Structures are given as C-alpha cells and as structure tokens.
Amino acid sequence: MSKIRHFHSINFILWLSFLIFAAFIIMFTWVFQTTLLRVFLSKQISDDLNSFGKLAYERLHIELPVQENMADIERCVETLQNNDRAATVYLFSADAKKLYPVADANEVYAFSTSEEENGTVLSSEQIDFLRAKEKYQPEILSDPKISAGLPLLLDNSRFCYIAYFGETAAAETADGTDGAYLFIEYSTELVDTAMGTMRVQLVLISIIVIFLALIVSVLLSMKLTKPITRITRAAKRMAEGDFSVNFKGEYSYDEMEQLAETLDYAKEEIGKSDQLQKEVLANVTHDLKTPLTMIKAYASMIQEISGNDPVKRAKHTQVIIEESDRLTSLVNDILNLSKIRSGMDSLKISNFNLSEFIHEVLERFSYLTETQGYTITRDVEDDLFTEADAEKIEQVIYNLVGNAVNYTGEDKKIAVGLKRTDKGLRFTVSDTGRGIPEEEIKTIWDRYYRSSETHKRPIRGTGLGLSIVKTILLKHGFEFGVESEVGKGSTFYVIFPDK
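Quick notes on the rules
Residues numbered from 1 in each chain as written. Predicted model: local features only at pLDDT ≥ 70, side-chain atom pairs only at ≥ 80, totals over all residues. Heavy atoms only, no water. Helix = DSSP H or I, 4+ residues; strand = E, 2+ residues; numbered from the N terminus. Buried < 20%, exposed > 50% of the residue type's maximum accessible area, 1.4 Å probe, protein only. Contact = heavy atoms within 4.5 Å. Areas by Shrake-Rupley, 256 points an atom, 1.4 Å probe, with all protein chains shown as cover. Pairing = 2+ DSSP bridges. Axes fitted to C-alpha atoms, helices over the stretch in contact; angles between N-to-C directions. Expected span 1.5 Å × (residues − 1). Polar contact = N/O pair within 3.5 Å; in protein donor to acceptor, adjacent residues only side chain to side chain. Parallel < 35°, antiparallel > 145°, perpendicular 65-115°, else oblique. Left-handed = near helix turned anticlockwise from the far one by under 90°. Nonpolar A, V, L, I, M, F, W, Y, C, P; charged D, E, K, R; others polar. pLDDT = per-residue confidence, 0-100. Salt bridge = Lys/Arg side-chain N within 4 Å of Asp/Glu carboxyl O. Core = buried A, V, L, I, M, F, W, Y, C linked by side-chain atoms within 4.5 Å.

All right, on to the overall build of the protein then. Of the regular secondary structure elements, the protein holds ten helices and 14 strands. When burial is assessed residue by residue, the protein has 36% of its 499 residues classed as buried. Residue pairs at least 24 apart in sequence account for 66% of intrachain contacts in the protein once pairs closer than 6 positions are excluded. Summed over its atoms, the accessible surface of the protein is roughly 29700 Å², and 55% of this surface lies on carbon and sulfur atoms.

Before going further, it helps to spend a moment on the sheet that holds strand β13 (residues 479-485). The strand order β9-β11-β12-β14-β13 describes an open sheet built from five strands, whose pairing is mixed. Both outer strands of the open sheet, β9 (375-380) and β13, are each paired with one neighbouring strand and no more. Geometrically, the sheet is characterised by an average inter-axis angle of 15° between neighbouring strands, direction not taken into account. The pairing of strand β11 (residues 413-420) with strand β12 (residues 425-431) spans seven bridges and is classified as antiparallel. The residue of β12 that forms the bridge with Val416 is Val429. Where helix α9 (residues 390-407) meets the sheet, its contacts fall on β11, β12 and β14 (489-496), and the angle it forms with β12 comes to roughly 25°.

So, about α9. The end-to-end C-alpha separation of α9 is 26 Å, in line with the 26 Å expected for 18 residues at 1.5 Å each. Of all 18 residues that make up α9, 13 are buried, and the element is covered over most of its length. Among the residues of α9, the N-terminal cap falls to Asp389, whose side-chain oxygen and the backbone nitrogen of Glu391 are separated by 3.2 Å.

On to the side chain of His476, then. For His476, the location among the structural elements is in helix α10 (residues 465-476). A distance of 3.1 Å separates a polar atom in the side chain of His476 from the backbone nitrogen of Asp389. Discounting residues that sit within four places of it in the chain, His476 has contacts with Leu347, Ile349, Ala388, Asp389, Lys392 and Ile393.

All right, on to unusual backbone geometry then. With an omega of -10°, the peptide bond between Tyr100 and Pro101 qualifies as cis. With respect to the secondary-structure elements, Pro101 resides in the loop between β2 (98-100) and β3 (116-117). At Lys412, a position not held by glycine, the phi torsion is positive, near 55°. Relative to the elements of secondary structure, Lys412 occurs in the loop between α9 and β11.

It is worth spelling out the packing of helix α7 (residues 354-363) against α9 at this point. Packing of α7 against α9 brings their axes to within 10 Å, and their N-to-C directions diverge by 50°. One way to sum up the angle between α7 and α9 is to call them oblique. Two packed elements cross with a definite hand, and for α7 against α9 that hand is right-handed. Every residue of α9 that contacts α7 at Leu354, Phe357, Ile358, Val361 and Leu362 is listed here: Ala390, Ile393, Glu394, Ile397, Tyr398 and Val401. Tallied by class, residues from the contact of α7 with α9 come to ten nonpolar, no polar and one charged.

Right, let's talk about the confidence of the model for the protein for a bit. Scored by pLDDT, the protein comes out at a mean of 76, with 76% of its residues at no less than 70. For the stretch residues 451-461, pLDDT sits under 50, and the model shows 23 contacts to residues farther than four places along the chain or on other chains.

Our next topic: the packing of α9 against α10. Axes are the key here: two packed helices are described by the angle between their axes and the distance separating the axes. The N-to-C vectors of α9 and α10 enclose an angle of 145°; their axes lie 9 Å apart at closest approach. Here the hand of the crossing between α9 and α10 comes out left-handed. Across from Lys392, Ile393, Gln395, Val396, Asn399, Leu400 and Asn403 in α9, the residues of α10 making contact are Gly465, Leu466, Ile468, Val469, Ile472, Leu473 and His476. Class assignment of the residues belonging to the contact of α9 with α10 gives a composition of eight nonpolar, five polar and one charged.

Strand β1 (residues 87-93) sits mainly inside the fold: six of its seven residues count as buried. Bridging between β1 and strand β7 (residues 180-186) involves seven bridges; their strand directions are antiparallel. Bridging across to β7, Thr88 finds its partner in Glu185. Summarising the sheet, β1 and β2 pair through two bridges and their orientation is antiparallel. Note on β2: the bridge partner recorded for Phe92 is Lys98. In this antiparallel pair of consecutive strands, β1 and β2, the connection spans four residues, and Ala96 shows a positive phi of 75°.

Moving on, we get to the pattern of salt bridges. In the structure shown here, the tally under the stated rule is twelve salt bridges. Across the pair Lys43 and Asp47 runs a salt bridge, and its minimum N-O distance is 2.8 Å. Within this pair, Lys43 and its partner Asp47 are both found in helix α1 (residues 10-63), separated by four residues, close to a single helical turn. Here Arg158 and Asp128 are joined by a salt bridge, their closest N and O atoms 2.8 Å apart. Highlighted residues: Arg158 in the loop between β5 (150-153) and β6 (159-166) and Asp128 in helix α3 (residues 124-140), separated in sequence by 30 residues. Connected through shared salt-bridge partners, Asp128, Arg131 and Arg158 make up one network.

Turning our attention to the pairing of β12. When you tally the buried positions in β12, you get six out of seven residues, the bulk of the element. If you look at the hairpin formed by β11 and β12, you'll find four residues sitting between the two strands, and Gly424 has a positive phi there, around 145°. Pairing geometry for β12 and β14, over six bridges, is antiparallel. The partner of Thr428 across the bridge, within β14, is Tyr493.

As a further point, take the nonpolar core. Leu354, Ile358, Ile393, Ile397, Leu400 and Phe427 are the most contacted members of the largest nonpolar core, which totals 41 residues. Mapped onto this core, the elements with two or more residues apiece are α7, β9, α9, β11, β12, α10, β13 and β14. Ranked by the residues each element gives to this core, the list is headed by α9, at eight residues. Other than its neighbours up to four places away in sequence, Ile397 contacts Leu354, Phe357, Ile358, Val361 and Phe427.

And the structure:
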C-alpha cells in the first residue's frame with residue numbers, strides 16, 4: 001500500500017519557515033535574558049561588590065576602633081557610598097550590635113537568628129548580617145585574626161559583602177566582644193527594574209518580530225512564486241501542444257533564468273521531436289503505401305492483361321517481388337530499430353577481422369559499380385582486428401555506405417577507409433555530395449531525417465539507416481560522428497577498439 005504524499009505550496013513553506021525561525025530567535029532571546037543574562041549579571045555584581053568591599057575594608061581598617069574615630073569613619077563611608085549608591089556600609093560587633101551607623105537608643109540587641117525571640121526584635125540588616133556571618137564563619141575558624149572578605153548571595157536578588165577586622169578592632173565598643181565586622185548590603189533594585197523593563201520590551205519585540213516574519217514571508221513567497229506560476233502556466237500550454245510559448249522573462253534570481261532557458265531548450269527539442277514524429281508517420285506511410293500500390297497495380301495487370309503472356313507476366317511478377325522485398329526490408333528495419341532501442345536485442349561480442357569484414361560488405365555494392373557507374377575506392381589496412389557484435393557492425397557499415405551512395409555527387413564517387421590511429425581503428429566513408437550545414441549536423445542521425453533538399457527514395461535502404469547506426473554504436477559505446485563542409489561532401493567515421 002503506497003503512502004499518501006502531502007504537498008504544500010511554497011507560500012506555506014516559506015511562511016512556516018520564517019515563523020519557526022522567528023520563534024527560535026525569540027525563544028533564544030528569552031532564555032538568554034531570563035537565565036544567561038541573570039548569571040552574567042550576578043557574576044558582574046559579585047565582582048564589583050568584591051572590589052568595593054576590599055576598598056572599604058582597607059580604608060575603614062585604618063580608622064578603627066569605632067568609638068575613637070566615629071567622625072572619620074562617617075566621612076570615609078560617605079565617600080565610599082558616593083562612588084556606588086547601590087552599596088550600604090555597616091559595622092557590626094560579633095553579637096550583631098550595630099557599631100555604625102550608631103543605633104537608636106530604644107534598639108535592643110541580642111544574638112539570635114530569628115526575627116523575634118523572648119520579645120527581642122532584630123532589624124532586617126541585623127538578620128542579614130547574622131545570616132551572612134553564619135556562612136562566613138567557617139572561613140575564620142582556622143585563624144581568628146584573618147581579615148579575608150567574602151561576597152555572598154543572600155537570596156535570589158540580594159548580595160552582601162562581609163569581612164572580619166579582628167578582635168582588637170572593637171575592644172572598646174562593648175563588653176565581651178570578640179571583634180568587629182564589615183557588612184555591606186548591595187541593592188539590586190535598579191537591576192531588577194531594568195530586567196523587568198527588558199521583559200516588557202522583549203514581549204513587544206516578540207510581537208513585532210512575528211508580525212514582520214509573517215509580512216516578509218508573504219512578500220518573499222509572492223516574489224519567488226510569481227515566476228514559478230508563470231512558468232507553470234507556460235509548461236501546461238506546452239504540454240497541450242502549444243510550442244509557441246516563451247519561458248524567458250525578467251527574473252530576479254539566476255536559478256529561474258536558468259530554468260527558463262532549460263525549458264525553452266526542451267520546448268525546442270520537443271517541438272523538433274513532434275515535427276519529426278509527423279515526418280516519420282508521413283514517410284512510413286509513403287514508404288508502405290508505394291510498394292503496396294505497385295503490388296496491387298501489377299497484380300491487376302497480370303489478372304487483366306498479361307496473364308496469358310509469359311514474357312509480360314514474368315516482368316510484372318518481378319516488379320511485385322521487388323516491391324515485396326522493399327516492403328519487407330522497411331518492416332525489418334523498423335523492427336530492428338525498435339528492438340535495439342528497447343534493449344531486447346542484446347550484443348554478442350566477438351573478436352573478428354574488421355579489414356576482411358569491410359571488404360565482404362563492400363562486395364554487396366558491386367552491382368552499383370557494374371550497372372550504375374558508381375566508383376567505390378578502398379583504403380583499408382590489412383589484418384586489423386576488433387571486438388564487437390559482428391552482425392550489428394555489418395548493419396553499421398552497410399548503412400553508412402548506402403547513405404553515401406544516396407547522397408554522393410554527380411561523379412558518383414565514394415571512398416571507404418580503415419586506418420590504425422592512436423585512438424583505435426578509424427573507419428571512414430566519404431562522399432562528394434552537397435555536404436551538411438553545421439546547424440543540421442546533430443539532427444542527421446534522427447529517424448527519417450532529411451535535409452532541406454527534396455526527399456528522394458534511397459537506392460537501397462528505408463530512410464532509417466543513420467538512426468540504426470547511431471543506436472548500434474551508442475549501445476557499443478563507440479565514438480562516431482561526421483565531418484562535413486557544404487559543397488565539398490561529408491565523411492562519416494567510427495572509432496573501433498584495436499584488438
């Protein structure tokens with residue numbers, strides 16, 4: 001059971017392709033903005049915060065302890081925050097007491113990781129500090145005097161930086177303290193706002209891109225399919241037998257121009273083939289009708305006139321026999337040509353003496369030299385062997401010589417040659433006729449080809465000779481052709497393999 005094939009127009013394919021491409025670009029952009037861009041920004045914020053934190057640590061470390069240099073610390077922090085408005089600087093003791101900025105009098109502090117415990121309330125920055133300290137603490141366990149800072153991610157959109165100043169930094173700030181900490185909150189509000197704006201813009205861009213993809217695909221498909229539609233209409237007219245159509249036109253891309261030229265060439269060749277078929281039908285009809293008419297006419301003459309006259313009866317029956325032979329020859333040539341072209345007649349390759357073979361075939365034309373004044377010269381090298389189907393090659397040689405007999409000049413001279421060359425054994429048949437115009441060289445091998453001269457019945461043959469020659473030699477794969485000059489005759493040649 002054959003599969004059902006579904007065909008879609010170029011318009012639909014282009015529209016769908018553009019739409020898929022636009023959707024892919026939009027999806028890629030969304031993935032980049034929602035995932036990759038967030039990763040890049042987080043990395044950039046972390047690097048910037050790390051640089052800012054180190055700078056703050058270096059400057060504030062000089063101003064400690066806090067209670068002795070509060071004014072200097074305020075000036076230093078103000079300068080730092082002027083450089084980066086997103087950063088807020090704090091100084092905390094280990095128990096989350098805010099050392100800077102100074103806490104309000106009514107604020108109560110306790111070491112707690114919960115927002116409310118025993119009625120004690122912690123501010124949001126204290127809670128953030130304790131969370132950051134919990135993550136940072138393992139870094140200083142090995143050495144309580146280390147001062148390494150660490151940028152941290154508090155949640156999906158908030159960053160902080162924490163660094164330890166050491167035990168002596170807050171010695172005078174509170175009883176039992178074990179040091180001071182630098183804590184910097186870094187706001188990403190502007191980044192989040194920008195990301196939100198980008199999402200809105202991306203939605204608008206997505207709508208615009210899809211709309212443009214639809215418009216461009218429609219315009220482009222119209223531009224691409226317009227010449228195709230024109231060529232299709234012309235091809236349909238040609239299929240209906242109208243060979244006056246013209247495929248050429250002004251096309252915007254090279255492929256359509258080449259297609260139009262190819263179709264114009266095909267139109268010309270099909271037109272020639274159509275004309276040739278009509279000529280073949282006319283010629284075959286003529287060649288069949290003439291001998292049948294002659295046979296009927298002479299049979300009637302025997303019946304009505306010469307039936308009792310032995311001499312006339314013999315003459316009339318001889319005409320009937322000759323016309324019957326001509327009719328048989330025509331039918332056989334048509335059948336042979338059909339068999340060879342259909343591949344039913346396979347080749348029987350053998351090695352044989354081509355020189356002797358040519359002489360044998362030429363002997364069959366001796367009656368022309370004896371009775372009609374033809375001169376057939378031979379220039380055939382002896383003992384040249386080849387490999388081919390001898391029976392088919394006999395047809396080739398006989399038909400080429402017969403063609404030369406039909407079209408040689410008034411001197412009735414024909415030259416046959418066979419020479420060994422670098423390419424192989426070159427067999428030639430030359431005549432002294434009018435020659436073949438260059439534009440007709442390619443068509444002389446067609447069935448029932450005739451030049452612009454009035455068609456004449458061959459002395460021997462059916463008008464299919466050169467077509468049979470071409471078919472046989474193509475089947476063998478041998479090189480062949482014709483060299484001709486108008487007014488000086490023609491030379492047909494075949495290159496046989498030298499064996």
